[in-house]
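Single-letter residue listing:
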Amino acid sequence: MEEDNVNVNARWLMPPEGVIKINVHSFFTDQQLPNGNQSGIGVVCRNSRGDILRILGGSLCIENRRNNEYNAFMEGLKVTFVRNYTNIILETGHLDAYWDWIHSAIIGAPPQHARIVQQLNQRKADKNFHSVTRLVAPEDNHLAAYVAQYGAENWKHMVRFRRPFGRIMEIWNSDMGLGEIGPQFEVLLEEEINMGLAQGEVEDPQVGQEGEASGSSGESNDLGLEDPEDLDLLDANLAMQ
């Protein structure tokens, strides 16, 4: 059987079976954002099928670029501990932070970063925990980078999402080779469509021009936040915008 000669430029490669891949990114700007933040962290955990297991995004209000990058590593490793993931690949696009951490046992860490570097090394030294840390190109870390900037622009805390939404869903589809998506391709439950028709929120495909929804896609008010306190946090932040 002749093999297809295809040049595949994958943005994100799935890990081996039984391995969890955690992509982390830190966003930092010298100029304060409208909400006062200067930093953001994004963490995305996926399994060997590419399924999203966890998404974390937000800001720890850190005004030091390198500490922000180290805390992106730390937030990723925290997920592995809480979820009992013992075999992981940690990917980052930050060259300097990656290099300094990997070589910290040899060259040491600057005093202002020594505490968090020590904690990172302590986590990796756990004999029941196997991890590989990789430096990747920006296009291979696109989703975590978006979550980091989105978190910086919207929250002053770390927020956990239950499921992807909006632009996060679009980037995930692209990473998985599932094409681009838009509101008209968003899969809804039949009950949701019928309810929308009854309330006049959705045009009847038999009547409207392409059956597109007349309202928004739901991106701004259905973020899939997991915990009740997250919903309260979301309401508070939306009220500030």
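Residues numbered from 1 in each chain as written. Predicted model: local features only at pLDDT ≥ 70, side-chain atom pairs only at ≥ 80, totals over all residues. Heavy atoms only, no water.

The chain goes by RNase H type-1 domain-containing protein in an unreviewed UniProt entry, where it is assigned to Heracleum sosnowskyi.

Caption draft 1: Region of the structure containing a nonpolar patch on the surface. On the surface, Leu95, Trp99 and Leu135 cluster together to form a nonpolar patch covering roughly 300 Å² of accessible area. Along the chain, leucine 135 falls in strand β5 (residues 130–135). By relative accessible area, which is 36% here, leucine 135 ends up partly exposed. (Patch = residues over 30% accessible without salt bridge, like charges linked within 9 Å, V, L, I, M, F, W, Y side chains within 5 Å. Areas by Shrake-Rupley, 256 points an atom, 1.4 Å probe, with all protein chains shown as cover. Salt bridge = Lys/Arg side-chain N within 4 Å of Asp/Glu carboxyl O. Helix = DSSP H or I, 4+ residues; strand = E, 2+ residues; numbered from the N terminus. Buried < 20%, exposed > 50% of the residue type's maximum accessible area, 1.4 Å probe, protein only.)

Caption draft 2: Up close: the packing of helix α1 (residues 65–82) against helix α2 (residues 95–102). Close contact between α1 and α2 brings their axes to 9 Å; oriented N to C, the two are set at 70 degrees. In this view, α1 runs roughly perpendicular relative to α2, as classed from their interaxial angle. Crossing angle aside, the handedness with which α1 passes α2 is right-handed. In this structure, α1 uses Arg66, Glu69, Tyr70, Phe73 and Leu77 to contact α2, whose residues at the interface are Asp96, Ala97, Tyr98, Asp100 and Trp101. The residue inventory of the contact of α1 with α2, partitioned by class, reads six nonpolar, no polar and four charged. (Axes fitted to C-alpha atoms, helices over the stretch in contact; angles between N-to-C directions. Parallel < 35°, antiparallel > 145°, perpendicular 65-115°, else oblique. Left-handed = near helix turned anticlockwise from the far one by under 90°. Contact = heavy atoms within 4.5 Å. Nonpolar A, V, L, I, M, F, W, Y, C, P; charged D, E, K, R; others polar.)

Caption draft 3: How the structure looks around the side chain of arginine 46. Turning to its location among the elements, arginine 46 is positioned in strand β2 (residues 39–46). Note on arginine 46: relative accessible area 1%, which makes it buried. Among the polar contacts made by the side chain of arginine 46, one reaches the side chain of aspartate 175 at a distance of 3.2 Å. If we skip the residues at most four places from it in the chain, arginine 46 touches Trp12, Pro15, Val19, Ile20, Lys21, Asn23, Asp51, Ile52, Leu53, Leu143, Trp172 and Asp175. (Polar contact = N/O pair within 3.5 Å; in protein donor to acceptor, adjacent residues only side chain to side chain.)

Caption draft 4: Representation of α2 in the model. Regarding α2, the residues found buried are Ala97, Tyr98 and Trp101. The buried residues of α2 occupy an angular sector of 100 degrees when the element is viewed end-on, so they sit on one face. (Arc of directions from axis to C-beta.)

Caption draft 5: View of the nonpolar core. Of all hydrophobic cores here, the largest spans 22 residues; its most connected members are Ile22, Val43, Tyr70, Phe73, Ile88, Leu90 and Trp101. Counting only elements with at least two residues in this core, the list comes to β1 (20–28), β2, α1, β4 (87–92), α2 and α4 (114–124). Sequence-distant contacts of isoleucine 22, defined by excluding residues within four places in its chain, comprise Val43, Val44, Cys45, Gly76, Thr80, Ile88, Ile89, Leu90 and Glu91. Counting 14 residues, the second largest nonpolar core, distinct from the first, contains Val44, Leu143, Val159 and Phe161. (Core = buried A, V, L, I, M, F, W, Y, C linked by side-chain atoms within 4.5 Å.)

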